[in-house]
Amino acid sequence: DAGVIQSPRHEVTEMGQEVTLRCKPISGHDYLFWYRQTMMRGLELLIYFNNNVPIDDSGMPEDRFSAKMPNASFSTLKIQPSEPRDSAVYFCASSPGTGEAFFGQGTRLTVV
Amino acid sequence: KQEVTQIPAALSVPEGENLVLNCSFTDSAIYNLQWFRQDPGKGLTSLLLIQSSQREQTSGRLNASLDKSSGRSTLYIAASQPGDSATYLCAVRPNDSWGKLQFGAGTQVVVTP
């Protein structure tokens, strides 16, 4: 398996624009996580899915953030409208049940 | 609320020395604990996963121990090499919330030749 695949790897956008981050989890993994990493706050869990169903989105910072998982092989994290303080590295991860979690390479988002 | 702490925040050792990285957590009701490595500008690479029923896990030069009752885990890296330079993070998975992998802030390691 190619691992967790995220796209794009880098995204630079202007404040107010919509941003969509994409993730393909490892086949067979039934948990999918979205994390955000910043120097100030470290790794923060935004939302996680189990069998394509959102279980806990208490980490989503504001209504501007939304995440979907339409099927077992694809998830999106959308920010609309984006703000400079959203600049961070966004990671997607997946795991089989309570097993080992595997992370993607991340998307570095810069909002100017 | 589970708190995960890693001390020290940074560590520099000469090549060949053994590395000892510490991770502590406040709530012992965990399902498992996982150690990761992160290189600058890269994603997280899983190193070891220890289930709550286990005391330790080994992979090559890496050995991780878990003392759930005292809320501690230690990652040992034997005979360090410059290629071991990276940030090491531990994460716990709580019993009551399997999805919430809770991370420490990490220990930044530099191994000098």
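As shown above, the structure is provided for reference.
*Asks:* Can you walk me through the overall build of chain A in this structure?
*Replies:* Broken down by element type, chain A carries zero helices and eleven strands. Tracing chain A from N to C terminus, the helices and strands come up as β-β-β-β-β-β-β-β-β-β-β. For a compact globule of 112 residues, the expected C-alpha radius of gyration is about 13 Å, and chain A comes in at 13 Å, within 12% of that figure. Projected onto the principal axes, the alpha-carbon positions of chain A cover approximately 35 × 25 × 25 Å. Taking the intrachain contacts of chain A between residues at least 6 apart in sequence as the baseline, contacts between residues at least 24 apart amount to 53%.

*Asks:* How should the state of the cysteines be read in this particular structure?
*Replies:* A covalent bond between the sulfur atoms of two cysteines is what we call a disulfide. All told, the structure shown has two disulfides over all chains when counted by the stated rule. A sulfur-sulfur distance of 1.9 Å marks the disulfide that ties Cys23 of chain A to Cys92 of chain A. Measuring the twist about the S-S bond at about -65°, one finds the Cys23 of chain A-Cys92 of chain A disulfide to be left-handed. A residue pair is termed long-range when its members are at least 10 positions apart, and Cys23 of chain A in strand β3 (residues 19–24) and Cys92 of chain A in strand β9 (residues 88–95) qualify at 69 residues. Accessibility classification places Cys23 of chain A together with Cys92 of chain A in one group, the buried group. Two residues share a disulfide in this structure: Cys23 of chain B and Cys90 of chain B, whose sulfurs sit 2.0 Å from each other. Of note, the bridge from Cys23 of chain B to Cys90 of chain B carries an S-S torsion of about 75° and is right-handed in sense. Residue Cys23 of chain B is found in strand β3 (residues 19–25), and its partner Cys90 of chain B is found in strand β9 (residues 86–94); the two are separated by 67 residues along the sequence.

*Asks:* Help me understand the interface of chain A and chain B, please; the structure alone is not making it clear to me.
*Replies:* Counting from both sides, the interface comprises 21 residues of chain A and, opposite them, 19 residues of chain B. In total, about 1,600 Å² of surface goes out of reach between chain A and chain B, with carbon and sulfur atoms giving 54% of it. Where chain A touches chain B, the interface holds zero salt bridges. At the boundary of chain A and chain B, one finds five residue pairs in polar contact (both at pLDDT 80 or more). Of all the elements in the fold, those that place two or more residues in the side of chain A that touches chain B are β4 (31–38), β5 (42–50) and β9 of chain A. Residues of the side of chain A that touches chain B, tallied by class, amount to nine nonpolar, eight polar and four charged.

Rules of the game
Residues numbered from 1 in each chain as written. Chains lettered and ligands numbered in written order. Predicted model: local features only at pLDDT ≥ 70, side-chain atom pairs only at ≥ 80, totals over all residues. Heavy atoms only, no water. Helix = DSSP H or I, 4+ residues; strand = E, 2+ residues; numbered from the N terminus. Rg over C-alpha atoms; globule rule 2.2 N^0.38 Å. Contact = heavy atoms within 4.5 Å. Disulfide = S-S within 2.5 Å. Buried < 20%, exposed > 50% of the residue type's maximum accessible area, 1.4 Å probe, protein only. Buried area = accessible area lost by both parts, 1.4 Å probe. Salt bridge = Lys/Arg side-chain N within 4 Å of Asp/Glu carboxyl O. Polar contact = N/O pair within 3.5 Å; in protein donor to acceptor, adjacent residues only side chain to side chain. Nonpolar A, V, L, I, M, F, W, Y, C, P; charged D, E, K, R; others polar.

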